[in-house]
Amino acid sequence: MVRILFVCHGNICRSPMAEYVMKDLVKKTGVSDRFLIDSAATSREEIGNPVHPGTRQKLKQEGIPCGDHRARRMEKADYAKYDYLIGMETWNIKNMLRITGGDPNKKMSRLLDFSQHPRDIADPWYTGNFDETFEDVMEGCRALLAYCIQ
């Protein structure tokens, strides 16, 4: 079982988008039974809140089901629970390291570190550009899936 936790600042935009995109990709690839996929935040700001309407709308537009996810904060125990802890940007990684106390097993990386063009994924909370975020998330999830099933 490959266990993946996607992480962003608030867990209402990017990380749940990545969670649902990845769940859709593994389902379409026929390997859902080999994956456990979830998402979390590095902050407490949005705990309990639903997926941002912009993320929900973009997933719907792309035909990707979006469940009833509620934002939660990443916990230190998540480090042991997951094989991959995937941040959306460098600041997420820094905050993830603060929460876990380190990354001795090298489980943490940015989502687009798996792609041909490693970079941060912009937060649509600030940019308002859910289309661009979706394209980056899709690029990263496809690359991560290819890496996991190679």
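Just above sits the structure.
Each value, and the rule that gives it
Residues numbered from 1 in each chain as written. Predicted model: local features only at pLDDT ≥ 70, side-chain atom pairs only at ≥ 80, totals over all residues. Heavy atoms only, no water. Helix = DSSP H or I, 4+ residues; strand = E, 2+ residues; numbered from the N terminus. Rg over C-alpha atoms; globule rule 2.2 N^0.38 Å. Buried < 20%, exposed > 50% of the residue type's maximum accessible area, 1.4 Å probe, protein only. Contact = heavy atoms within 4.5 Å. Areas by Shrake-Rupley, 256 points an atom, 1.4 Å probe, with all protein chains shown as cover. Lys, Arg positive; Asp, Glu negative; His and termini not counted. Charge placed at Lys NZ, Arg CZ, Asp CG, Glu CD. Axes fitted to C-alpha atoms, helices over the stretch in contact; angles between N-to-C directions. Parallel < 35°, antiparallel > 145°, perpendicular 65-115°, else oblique. Left-handed = near helix turned anticlockwise from the far one by under 90°. Nonpolar A, V, L, I, M, F, W, Y, C, P; charged D, E, K, R; others polar. Arc of directions from axis to C-beta. Phe/Tyr/Trp six-rings, centres within 6.5 Å; stacked < 30°, edge-to-face > 60°. Lys NZ or Arg CZ within 6 Å of the ring centre and 35° of its normal.

## As for the overall build of the chain
When helices and strands are counted, the chain shows 6 helices and 4 strands. When the helices and strands of the chain are listed from N to C terminus, the series reads β-α-β-α-α-β-α-β-α-α. Since a compact globule built from 150 residues should have a radius of gyration of about 15 Å, the 14 Å found for the chain is in line with a globular shape. Each principal axis of the C-alpha atoms in the chain carries an extent, and together these give about 40 × 35 × 30 Å. Taken over 150 residues, the chain has a buried fraction of 53%. Intrachain contacts of the chain at a sequence separation of at least 6 include 75% that bridge at least 24 residues. As displayed, the chain offers around 7,400 Å² of accessible surface, 50% of which is attributable to carbon and sulfur atoms. Counting 22 positive and 21 negative side-chain charges, the chain places the averaged centre of each group 4 Å from the other.

## Focus on the environment of Asp 68
Locating Asp 68 in the fold gives a position in the loop between α2 (53-61) and α3 (78-81). A residue is classified by how much of its surface remains accessible, and Asp 68, at 60% relative accessible area, is exposed. Sequence separation between Asp 68 and Ser 32 is 36 residues; the distance between their C-alpha atoms is 19 Å.

## Re the packing of helix α1 (residues 14-29) against helix α6 (residues 130-149)
Running from N to C, α1 and α6 point in directions that differ by 50°, and their axes come no closer than 9 Å. For the element pair α1 / α6, the angle class is oblique. With respect to the hand of their crossing, α1 and α6 are arranged in right-handed fashion. The segment α1 lies against α6, with Arg 14, Met 17, Ala 18, Val 21, Met 22, Leu 25, Val 26 and Thr 29 engaging Phe 130, Thr 133, Phe 134, Val 137, Met 138, Cys 141, Arg 142, Leu 144, Leu 145 and Ile 149. Tallied by class, the residues present in the contact of α1 with α6 amount to 14 nonpolar, 2 polar and 2 charged.

## What about α2?
Among all positions of α2, only Gly 54, Thr 55, Lys 58 and Leu 59 are buried. On an axial view of α2, the arc spanned by its buried residues comes to 130°, and they lie on one face. Facing away from the buried side of α2 by more than 90 degrees, the exposed set consists of Pro 53, Lys 60 and Gln 61. A positive backbone phi angle near 75° is found at Gly 63, which sits one or two residues after α2.

## Let's talk about unusual backbone geometry
For Asn 11, which is not glycine, the phi torsion reads 65° and is therefore positive. Mapped onto the elements, Asn 11 comes out in the loop between β1 (2-8) and α1. Looking at Asn 11, the relative accessible area reads 0%, which means it is buried.

## Side note on the packing of aromatic side chains
Aromatic rings in a pair are described by how distant their centres are and how their planes are angled relative to each other. Across all of its chains, the model carries 3 aromatic pairs by this definition. Centroid distance Tyr 84 to Phe 114: 6.4 Å. Interplanar angle 75°. Geometry classified as edge-to-face. One end of the pair, Tyr 84, is in strand β3 (residues 84-87); the other, Phe 114, is in the loop between β4 (108-110) and α5 (124-127), with 30 residues separating them in the sequence. An aromatic cluster is built from Tyr 84, Phe 114 and Tyr 147, whose rings are joined through pairwise contacts. Taking the ring centre of Trp 91 as reference, the NZ or CZ of Lys 94 above it sits at 4.5 Å.

By themselves these figures say nothing about function.
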